[in-house]
Amino acid sequence: MAHRPKRTFRQRRADSSDSDGAEEPSAEPGEQAAPGPAPEEGPPPGGGRAEAAERAHRGRVPRGRGRGRGRGRGRSRVWASSRRATGAGLRADGGSDVPGDAGRRDSGTVDLSTDEENGTHHSSESKDDQSSSSDTSSSLEEEFSSIVNIPDAAFIQAARRKRELARAQEDYISLDVKHTSTISGMKKNSDEDSESEPDDHENRILFTPKPQTLRQRMAEETKTRNEETSEESQEDENQDIWEEQQMRKAVKITEGRDIDLSHSSESQTVKKFDTSVSFPPVNLEIIKKQLNTRLTLLQDTHRSHLREYEKYIQDVKSSKSTIQNLENSSNQALNFKFYKSMKIYVENLIDCLNEKIISIQEIESSMHALLLKQAMTFLKRRQDELKHESAYLQQLSRKAETSTNGTLAIDEKTQQILEEIASRRAQRRQARELSGNCDHQEGTSSDDELSSSDTIDFQKSQGDILQVHKKIFEDVHDDFCNIQNILLKFQQWREKFPDSYYDAFISLCIPKLLNPLIRVQLIDWNPLKFDSVGLKQFPWFTSIEEFMNSSVEHSKKEDSSDKKILPIVINKTIIPRLTDFVEFIWDPLSTSQTTSLITHCRMILEEHSTSESEVSKGKQDLLKSIVSRIKKAIEDDVFIPLYPKSAVENKTSPHSKFQERQFWSGLKLFGNILLWNGLLPDDTLQELGLGKLLNRYLIIALLNAIPGPDIVKKCNQIAAYLPEKWFENSAMRTSIPQLENFIQFLLQSAHKLSRSEFRDEVKEIILILVKVRALNQAESFIEEYHLDHLKSVIKEV
């Protein structure tokens, strides 16, 4: 489809012509028609035109001068004068005027010249140099140099109507200059149009677009849009045709078929089925197998779809549940407010504890120093008394440095110590008589009495410490010093937001937060006192247990991390405090201290130990300190002197009494050591009690003693202290190796007693042998001495 070319209007070059119209070339190359003053009114009729032509002919000037004057004139006047000069030049070339008939006869020539002039305008606009424009004007002037006749008014009107009719049929001017008839017609119409315009100012070339109304602009846009739509529809049609061609090529249409793509509605021949083609025979088994295979595949696909459908249903339910939970959850602003308040609370709590921890440590140190001072006082006094009394008895044994009256000369300090020892023993004896405890052995007392002045000083110092202790949290709100209130805060967090609570590992943080507060409550706690408060009676213990129980009820889990809070508190706070008491304050010779300490240790290490790994380090440190303290007591506090039999035969002699007291003191320590059965390993107890104490000290003292009821009594006490767990095996016929020396001493004593007046004590010795599972030794002794009445004792076992 042909497109109408866009018209291009270009300003004429100033060096070729000073007017906006086309420059008319002269007959000769060296001359040019000079423009003259143009009249304001339209062209004169008849002879007026001839006169105007003559004036124009006479006013012809050289080219250079005419161009110079033209530059000084206005644009419209230059254009008008150039047009008039063209007509005059043409008439001058003819030589004379012609009548009107001649003008009508040659009207076609005039129109052609005018249109050719317009064509020259377009040609000159498309060219950029002056030489091309001049050549074109010269050729046109030579071609149309014939005489021009002026048409009359009727011809002009007819030509005007013809031009309007042509414009109505064709709204553009062809650019094909080869068709002379069209060009001539266009020139005639252009000349008639120009002649019909009476005023020159109406024929001005506008260099700026003429202002248009809104309706004109809308019409122009609509026209442009329609043209673009038609172009796009044409392109779409061409694209469809091309696609159809490619599709027909793809399906390999039979060659030779000429299909008109513009007429696709033509019917096509249908290929007939060829009955001559043979197919393989039909087998029902194959068809059945294929159908079954197809059915199996469809069933598998159906089951897969069902699983996906169930999954999607479950996802939908889960999403709805999540949405409902989120909708029912508390407002985010309230959550943020709670977390912010909890953060501020914890920060304030930590600041408070950091500020008070120094005071807590000072009070703990003061109380520990006070108790340590008291323990060291007892220990030093016992060792000094033992030293001075032993020295005094040695002097008595040597009977040296006697006075004239036969008394032993001793220094004042030793005399004072001996008097204090006797005074305290008399007081304890009197107290036992009042209490009705007459079956008491000298040396089994702890000897931990203080003088009245020391007791007053101790109580005063302890009271001052406790007074300061009460003022530690005097200026603190209960929410920051009361363990129950603190745990209540965390319990609220756990109930409202359990996920964030457990993700924050609060169960590991609570023991650290509560550590200073628990230590404050334990400042006045002495686990060595017989009447000391148990850990379960402390408020912090009860609060932690309630917090743990509520955690189990809330979480519905047995492995809740909050269940580990109490074991962690005991491991991090209680066990280190017990270790300090064992290392520095505990006296293994004191049965009351040992019993109380064992009670607390058993409760801590057995009842509140959820697993071995949780308290392994603290437990091992505590047990090591216990073993170390026992060894130190055996080495420093056990002293059983050996005197000649002549010195100890008299039970009332100072040597005999001192030896008895020291033996029973060592035997008391032996019993206190074996009280740790179940807490300390058996091999450790056997090494400490049997190897280091019994075989090294007690057996030697027994071998040096005179056989009799006292020996049997001491052996019975030793056997009573031995743990029954060591002899629970009924298949045992011999005792443990560490008791071999003790068994040999029993057999030796039995031999001596069987030949003495204390023959009845042999049965007690046989019972002791049976108790320690020395059955083979007991049977041999019975058979040797023909003690058939004692065989029943062995049979009962």
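Being a predicted model, the structure only gives us computed values, none of them experimental.

**Quick notes on the overall build of the chain**
Stage number 1. Looking only at helices and strands, the chain features 29 helices and zero strands.
Stage number 2. Evaluated residue by residue, the chain yields a buried proportion of 36% over its 797 residues.

**Some details on unusual backbone geometry**
Stage number 1. Of note in the backbone geometry, Arg773 takes a positive phi value of approximately 65° without being a glycine.
Stage number 2. The residue Arg773 is located in the loop between helix H27 (761-771) and helix H28 (775-785) in this model.
Stage number 3. The phi angle at His786 is positive, at roughly 55°, despite the residue not being glycine.
Stage number 4. Looking at the secondary structure, you find His786 in the loop between H28 and helix H29 (791-796).

**Notes on the state of the cysteines**
Stage number 1. By the definition in use, this model includes zero disulfides.
Stage number 2. Between Cys352, a cysteine without a disulfide, and Cys481, which holds the nearest cysteine sulfur, the sulfur-to-sulfur distance is 7.2 Å.
Stage number 3. With a relative accessible area of 12%, Cys352 lands in the buried category.

**A few points about a negative patch on the surface**
Stage number 1. Residues Glu227, Glu228, Glu231, Glu232, Glu235, Asp236, Glu237, Asp240 and Glu243 make up a contiguous surface patch of negative charge.
Stage number 2. Turning to its location among the elements, Glu237 is positioned in helix H9 (residues 214-250).
Stage number 3. Given a relative accessible area of 44%, Glu237 falls into the partly exposed group.

**Some thoughts on the packing of helix H26 (residues 740-754) against H28**
Stage number 1. In the contact formed by H26 and H28, the axes pass within 11 Å of each other and the chain directions differ by 15°. The angle between the axes of H26 and H28 places the two elements in the roughly parallel class. Along this stretch, H26 crosses H28, giving a crossing that reads as right-handed. Contact residues: H26 offers Ile743, Leu747, Ala750, His751 and Ser754, while H28 offers Gln777, Phe781, Glu784 and Tyr785.
Stage number 2. Here the contact of H26 with H28 is built from residues that sort into five nonpolar, three polar and one charged.

**Things to note about the pattern of salt bridges**
Stage number 1. Tallied over the entire structure, the rule returns 18 salt bridges.
Stage number 2. Among the salt bridges present, the one from Asp475 reaches Lys356, with a minimum N-O distance of 3.0 Å. Residue Asp475 is located in the loop between helix H13 (452-470) and helix H14 (478-481), and its partner Lys356 is located in helix H11 (residues 332-398); the two are separated by 119 residues in the primary sequence.
Stage number 3. Note on Lys356: relative accessible area 11%, which makes it buried.
Stage number 4. A salt bridge links Lys632 to Asp636; the nearest nitrogen and oxygen atoms lie 3.2 Å apart.

**Comments concerning empty space enclosed by the protein**
Stage number 1. All told, the structure shown has four cavities of 30 Å³ or more when counted by the stated rule.
Stage number 2. Those elements giving two or more residues to the lining of the largest cavity turn out to be H11, helix H12 (412-435), helix H21 (616-637) and helix H23 (654-674).
Stage number 3. Taken together, the residues of the lining of the largest cavity sort by class into four nonpolar, seven polar and 14 charged.

**Some words on the side chain of His600**
Stage number 1. Tracing the sequence through the fold places His600 in helix H20 (residues 591-607).
Stage number 2. Within the structure, His600 has its side chain in polar contact with the side chain of Ser532 (distance 3.0 Å).
Stage number 3. Those residues in contact with His600 that lie beyond four places of it in its chain are Trp525, Pro527, Ser532, Val533 and Gly534.

**Quick notes on the environment of Ile700**
Stage number 1. Among the structural elements, Ile700 can be located in helix H24 (residues 682-703).
Stage number 2. Given a relative accessible area of 38%, Ile700 falls into the partly exposed group.
Stage number 3. Placed 59 residues apart in sequence, Ile700 and Pro641 show a C-alpha to C-alpha distance of 10.0 Å.
Stage number 4. Beyond its immediate stretch of four places on either side in the chain, Ile700 contacts Leu642 and Asn695.

**Thoughts on the packing of aromatic side chains**
Stage number 1. Applying the stated criterion across every chain, the model contains 15 aromatic pairs.
Stage number 2. When the centroid spacing of 5.9 Å and the interplanar angle of 80° are considered together, the rings of Trp493 and Tyr501 count as edge-to-face.
Stage number 3. The class for Trp493 is buried, based on a relative accessible area of 11%.
Stage number 4. In this structure Tyr501 comes out as buried when scored by relative accessible area, which is 1%.
Stage number 5. When the ring of Trp586 is compared with that of Trp676, the centres are 5.7 Å apart and the planes differ by 75°; the resulting orientation is edge-to-face. Taken together, the residues span a long stretch of sequence, with Trp586 in the loop between helix H19 (565-585) and H20 and Trp676 in the loop between H23 and H24 at a distance of 90 residues. The two residues Trp586 and Trp676 agree in class, both being buried.

**Overview of the layout of surface pockets**
Stage number 1. For the second largest pocket, the calculated volume is near 800 Å³.
Stage number 2. Every residue lining the second largest pocket is counted, 36 residues in all, and those nearest its centre are Gln374, Phe378, Asn526, Ile585 and Gln593.
Stage number 3. Those elements giving two or more residues to the lining of the second largest pocket turn out to be H11, H13, H19, H20 and H21.
Stage number 4. Element by element, the count of residues in the lining of the second largest pocket is highest for H11, at seven residues.

**Brief notes about helix H17 (residues 506-521)**
Stage number 1. The terminal C-alpha atoms of H17 lie 23 Å apart, and with 16 residues this matches the ideal 22 Å at 1.5 Å per residue to within 8%.
Stage number 2. Considering bend angle alone, the principal kink of H17 is centred on Asn515 and spans about 45°; proline Pro516 follows within four residues of it.
Stage number 3. Here H17 lies mainly inside the structure; twelve of its 16 residues are buried.
Stage number 4. Among the residues of H17, Ile506, Ser507, Ile510, Pro511, Leu513, Leu514, Asn515, Pro516, Leu517, Ile518, Arg519 and Val520 are the ones counted as buried.

**A word on the nonpolar core**
Stage number 1. Counting residues in each nonpolar core, the largest one holds 124 residues, and the members touching the most others are Trp540 and Trp676.
Stage number 2. Examining the composition of this core, we find that twelve residues originate from one element, H11, more than from any other.
Stage number 3. Residues Leu393, Tyr643, Ala647 and Val648 belong to the second largest nonpolar core, which totals six residues.

**Topic: a nonpolar patch on the surface**
Stage number 1. Side chains of Val282, Leu284, Ile287 and Leu291 sit close together on the surface and give an oily, nonpolar patch of about 430 Å² of accessible area.
Stage number 2. Within the secondary structure layout, Val282 lies in the loop between H9 and helix H10 (284-328).
Stage number 3. By relative accessible area, which is 67% here, Val282 ends up exposed.

**Considerations on the confidence of the model for the chain**
Stage number 1. Averaged over all residues, the pLDDT of the chain equals 74, while 68% of them reach at least 70.
Stage number 2. When mean pLDDT is compared element by element in the chain, H17 scores highest at 94, while helix H3 (residues 75-94) scores lowest at 38.
Stage number 3. Throughout residues 176-202 the model reports pLDDT below 50, and contacts reaching past four residues in sequence, or to other chains, amount to 62 contacts.
Stage number 4. Low pLDDT (under 50) marks residues 255-270, which in the prediction has eight contacts with non-local residues, meaning those over four places away or in another chain.

**Details of the packing of H11 against H19**
Stage number 1. It is at 10 Å that the axes of H11 and H19 come closest, and there the two elements cross at 30°. By the angle class used here, H11 and H19 are roughly parallel. Here the hand of the crossing between H11 and H19 comes out right-handed. Taken together, the residues of H19 that come into contact with H11 (itself represented by Glu364, His368, Leu371, Leu372 and Ala375) are Arg577, Asp580, Phe581, Phe584 and Ile585.
Stage number 2. Taken together, the residues of the contact of H11 with H19 break down into six nonpolar, one polar and three charged.

**Details of H11**
Stage number 1. Between its first and last C-alpha atoms H11 spans 94 Å; for 67 residues at 1.5 Å apiece the expected length is 99 Å, and the two agree.
Stage number 2. At Lys356, H11 is deflected by roughly 35°, the largest bend along its length.

Thresholds, definitions, all that
- Residues numbered from 1 in each chain as written.
- Predicted model: local features only at pLDDT ≥ 70, side-chain atom pairs only at ≥ 80, totals over all residues.
- Heavy atoms only, no water.
- Helix = DSSP H or I, 4+ residues; strand = E, 2+ residues; numbered from the N terminus.
- Buried < 20%, exposed > 50% of the residue type's maximum accessible area, 1.4 Å probe, protein only.
- Disulfide = S-S within 2.5 Å.
- Patch = residues over 30% accessible without salt bridge, like charges linked within 9 Å, V, L, I, M, F, W, Y side chains within 5 Å.
- Areas by Shrake-Rupley, 256 points an atom, 1.4 Å probe, with all protein chains shown as cover.
- Salt bridge = Lys/Arg side-chain N within 4 Å of Asp/Glu carboxyl O.
- Lys, Arg positive; Asp, Glu negative; His and termini not counted.
- Charge placed at Lys NZ, Arg CZ, Asp CG, Glu CD.
- Axes fitted to C-alpha atoms, helices over the stretch in contact; angles between N-to-C directions.
- Parallel < 35°, antiparallel > 145°, perpendicular 65-115°, else oblique.
- Left-handed = near helix turned anticlockwise from the far one by under 90°.
- Contact = heavy atoms within 4.5 Å.
- Nonpolar A, V, L, I, M, F, W, Y, C, P; charged D, E, K, R; others polar.
- 1 Å grid on protein atoms, 1.4 Å probe; cavity = no way out; pocket = protein on both sides within 12 Å on 5 of 7 lines; lining within 4 Å.
- Points joined across faces, edges and corners; volume = space filled by probe spheres on them.
- Polar contact = N/O pair within 3.5 Å; in protein donor to acceptor, adjacent residues only side chain to side chain.
- Phe/Tyr/Trp six-rings, centres within 6.5 Å; stacked < 30°, edge-to-face > 60°.
- Expected span 1.5 Å × (residues − 1).
- Bend = angle between axes of the 7 residues up to and from the residue.
- Core = buried A, V, L, I, M, F, W, Y, C linked by side-chain atoms within 4.5 Å.
- pLDDT = per-residue confidence, 0-100.

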